[in-house]
Structure formats: C-alpha cells, structure tokens
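Descriptive analysis of the structure
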Amino acid sequence: MKQLVAACWVLAWGVSSGSAGAAGPTVDPANVRALEGWFRTLGGKEAPSRIAWWGDSAIVGDGYTGRVRERLQAELGRGGPGFMLAAPTFDGYLRDGVRMKRQGWEAFAVISGAVKAGNYGYGGVIATSFGGASSTFETDRPVSAVAVHYQAVPKGGKLELYVDGATKASAVLDTSSSATQDEVWRPALAKPATSVKLRAGGGGVVKVYGVALESGAPGVVLDALGILGIRARRWLNADADHLKGQLAQRDPDLLVLNFGGNERVDEGLSVKAHTDDMTKALASLRAGAPKAACLIVGPLAHGTPGGGAKLDPALDTIYEAQRKVAKDQGCAFFDTLAAMGGAKAPKVWHGKKWLSGDYAHLTPKGHEHLGDVMADWLLAHHAAWKATN
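The notes below deal with the structure included here. Because the structure is a prediction, the values reported are computed rather than measured.

Some remarks on the overall build of the protein chain
For the protein chain, the helix and strand inventory stands at 10 helices and 16 strands. For 389 residues, the compact-globule formula gives about 21 Å, and the C-alpha radius of gyration of the protein chain, at 21 Å, lands near that figure. Considered along the principal axes of its C-alpha atoms, the protein chain spans approximately 60 × 45 × 35 Å. A buried classification covers 55% of the 389 residues belonging to the protein chain. Pairs at least 24 apart in sequence give 78% of the contacts found in the protein chain among residues at least 6 apart.

Considering the nonpolar core
Within the largest apolar cluster, 114 residues are counted, with the highest numbers of intra-cluster contacts made by W53, W54 and L295. The dominant element in this core, judged by the number of residues it contributes, is helix 10 (residues 364-387), at nine residues. When sequence neighbours within four positions are dropped, the list of residues in contact with W53 reads I59, Y64, T65, V68, L222, D223, A224, L225, V256, N258, V297 and M374.

Digging into the packing of helix 4 (residues 64-76) against helix 10
Here helix 4 crosses helix 10 at 40 degrees, and the two axes come no closer than 7 Å. The pairing of helix 4 with helix 10 is recorded here as oblique in orientation. Like other packed secondary-structure pairs, helix 4 and helix 10 cross with a definite hand, here right-handed. Contacts between helix 4 and helix 10 involve Y64, R67, V68, R71, L72, E75 and L76 from the former and H367, E368, L370, G371, D372, M374, A375, D376, L378, L379 and H382 from the latter.

So, helix 10
Note: α-helices contain 3.6 residues per turn, so residues at a spacing of three or four share the same orientation. A rise of 1.5 Å per residue sets the reference length of helix 10, with its 24 residues, at 34 Å; its end C-alpha atoms lie 34 Å apart and thus fit the reference within 8%. With 17 of 24 residues buried, helix 10 lies mostly within the body of the structure.

Examining the sheet that holds strand 8 (residues 158-163)
Hydrogen bonds along the backbone pair up the strands of a sheet, which may run parallel or antiparallel. With antiparallel pairing, five strands are arranged side by side in an open sheet as 3-6-11-8-9. Pairing within the sheet leaves two strands with one partner each, and these edge strands are strand 3 (98-103) and strand 9 (171-174). The sheet shows a mean angle of 15 degrees between the axes of neighbouring strands, direction not considered. Pairing analysis gives six bridges linking strand 6 (residues 134-143) to strand 11 (residues 193-202), with the strands arranged antiparallel. Its bridge partner being in strand 11, S134 is matched across the sheet by R199.

Structural notes on the pattern of salt bridges
Scanning the model with the defined rule gives 23 salt bridges in all. A salt bridge links R99 to D140, with the shortest nitrogen-to-oxygen separation between them at 2.8 Å. Taken together, the residues R99 in strand 3 and D140 in strand 6 connect sequence positions 41 residues apart.

Thoughts on the state of the cysteines
This structure, assessed with the given rule, holds one disulfide. Between the sulfur atoms of C294 and its disulfide mate C331 the distance is 1.9 Å. With the S-S dihedral at roughly -95 degrees, the linkage between C294 and C331 falls on the left-handed side. Taken together, the residues C294 in strand 15 (residues 293-297) and C331 in the loop between helix 7 (314-329) and strand 16 (332-334) connect sequence positions 37 residues apart. Assigned by exposure class, C294 and C331 land together as buried.

Quick word on the environment of K191
Inspection of the secondary structure puts K191 in the loop between strand 10 (181-185) and strand 11. With 113 residues separating them along the chain, K191 and R78 place their C-alpha atoms 17 Å apart.

The rules behind each value
Residues numbered from 1 in each chain as written. Predicted model: local features only at pLDDT ≥ 70, side-chain atom pairs only at ≥ 80, totals over all residues. Heavy atoms only, no water. Helix = DSSP H or I, 4+ residues; strand = E, 2+ residues; numbered from the N terminus. Rg over C-alpha atoms; globule rule 2.2 N^0.38 Å. Buried < 20%, exposed > 50% of the residue type's maximum accessible area, 1.4 Å probe, protein only. Contact = heavy atoms within 4.5 Å. Core = buried A, V, L, I, M, F, W, Y, C linked by side-chain atoms within 4.5 Å. Axes fitted to C-alpha atoms, helices over the stretch in contact; angles between N-to-C directions. Parallel < 35°, antiparallel > 145°, perpendicular 65-115°, else oblique. Left-handed = near helix turned anticlockwise from the far one by under 90°. Expected span 1.5 Å × (residues − 1). Pairing = 2+ DSSP bridges. Salt bridge = Lys/Arg side-chain N within 4 Å of Asp/Glu carboxyl O. Disulfide = S-S within 2.5 Å.

Right under this line is the structure:
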C-alpha cells in the first residue's frame, strides 16, 4: 500500500486559470483498486476495452463524454465511436466525430415503461419499422467493424446495410425467428468505411436497438448512453434477463453510472431512497458484466431550481447516497462537484460561460473543460496502477 500511495499523484482540487477550475486530480488508492479490472484490459492486442457510460441529459449530446473518449483514445488507442441508438426518442442526441441521420422509425425509451416485455436494449431505446426507416452514421475516421443489435421476431422483416453511399445493399439480414430473441448482426466490410446506413427493408417488422461502430483495432471504446430526463430507477423498467443479455453481448469492461441531476428535484428525496435506486440500477446493469469494473460519477454542480446561482442543497443528499453506493459496491467514485470547484461552482462556471443560464447544463466550452478534468483523473489513476503493476 505504501508503494501505491507513493506512486499516486496526490494533489488537492484547487482553482486555477487553466483547465476546469482544478490544479490536478487526487489519486485515491481505493479508486485505483476499484478500477483495476478495467486497467487490466487496456493495451490489449486483440479486442478494444469498452466503457459503458449511462446517464441523463448531461451526456445526451456526448459533450464531456466525447472529450473523455478523445483523450483516452489519443493515449490508449482508438477503438472507434462505439454504440449509437438507431433512433432516439428525444432531441439533442449526438456523437462526437459522427454525423447521424434518422428517419421513419417509431421508438420507445426505457424511461416510459411503454414496452410491456421490457425489451429496450443496451442503450435504453428500441426502434421499430415495417419498412423504409433508416439510420445513417458518417464517421470522421474509418471503421472496420459493424455490430447491429436487434430483436429477432416471428415474421420479422429484412435489414439492409449500405456502405459509403452505395445504392445497393452490401449485406441483407432476415430478422425473422421462430421465437423472439436478441441477436447481434456483424456484417463483414470489404474495406474500412466512413459511412454506414442501416435500413428496414420491409417484409415484416424490424426491431433495432442500435449500431456499434469500431475500428477493429485495440484501444478504447466509450459508449455514451444518455437519455433525456432519466433517473437511475427508470432502468428497472427493463426486463432483468433481457438487460443482462444485452450487457453480455456488448461485453463492457467498465460500467459508469452518471445520474442524480434529475433525482435532485424529486419529491421525497432522501439518502435511503437514492441509495436504493442506485444500488438496484447498478445490480441490474452489472448482472450481464459481472467482471467489469464500476465507476459512479456524481452529478454536475447545479444551481438552485429555477436558475439560481446558489448550489442546490439537494446535491448533499445525492452525493451522500452515491458515495455510500460506491463504497458498498466496490465502485470508484468521481466527485464532479469538487472537480468543478465546490459550492461556488454554479456562479463561477456561469461567469466563465461554462454553465448555461439554467445553471444546470454545461456549455460546449464547459463540456470540454470538464471532459479534460475527467480524462486527467482517469489517466492519473491508470498511471498509478501501472507504476505498481
């Protein structure tokens, strides 16, 4: 332990005029131990190391998660843009380095609980079409591996894949099955591509959860799985066995739970209630990836409801609960509030134009700053682990 502490970069969070209000990350040996399982997958020669990062509107636009992805991939290898929804049910869904176009789908999100079977997929949204709907993904960097996560059903229709703007499908899949079951279609690409289009080809209903695009090389893949307005407990709307299978198919190495921004305004909020919600959500998501490391990321430094610059006191409850869950469940914990500067963060970040006028959402520049702080924190913990391993 003395060796580990000596190897750690131990600095207090402090205010500076440089990056996001912090002098540097504190490396906690407990966090190093919690993340060790993920660290061991980095630098592999055959498969990428995948991060599944669930959250609310803070990550819907892939702002700070996009920055974290870019920083980790620059340091540890570019595994590709990762998993993307076929059709979100909300506005503002983006992926850094990817331009997405969608049309014609009918979609349902886990937040609604509208699908009785509870099959919402890895990203929490299922998209359906009887033909003609499509999703196109244009990437800044070529990808070599495509994985379409879908639901095979009796009398299912065709799925067509078009590559690099081709007018003829390069691959076609019949999604019909004698029984309803979740599958992954991995069509081979003749060469690396920068545009992939998935289309419902008719002949029956097609049900798609999303598309994962990877480079086919070792490195890091970060799946940003944000849903507008979601609370952690809404993931319990998903069927447990279905969700377990989805995680097993995607096989992530690090699970990140980034909730609390919406829960802070709930009536009846308490440490016990939020602890129970986070514990149950983590257990449900963890069931399909029991060997994965886990990280709980605290919510942003929100102002008081209605746009006030004073820190929302409900965050005390949220943070106490999340720290408890992280400790009890063996997860690492990232203190976003401390990283943003503590109690004065809403006022300071708004003054720097890093926090929007609602004192609840980051501006693009704020996302960039916070993403750098998060990436520094993860890389510092990885460096500390490498120093003793």
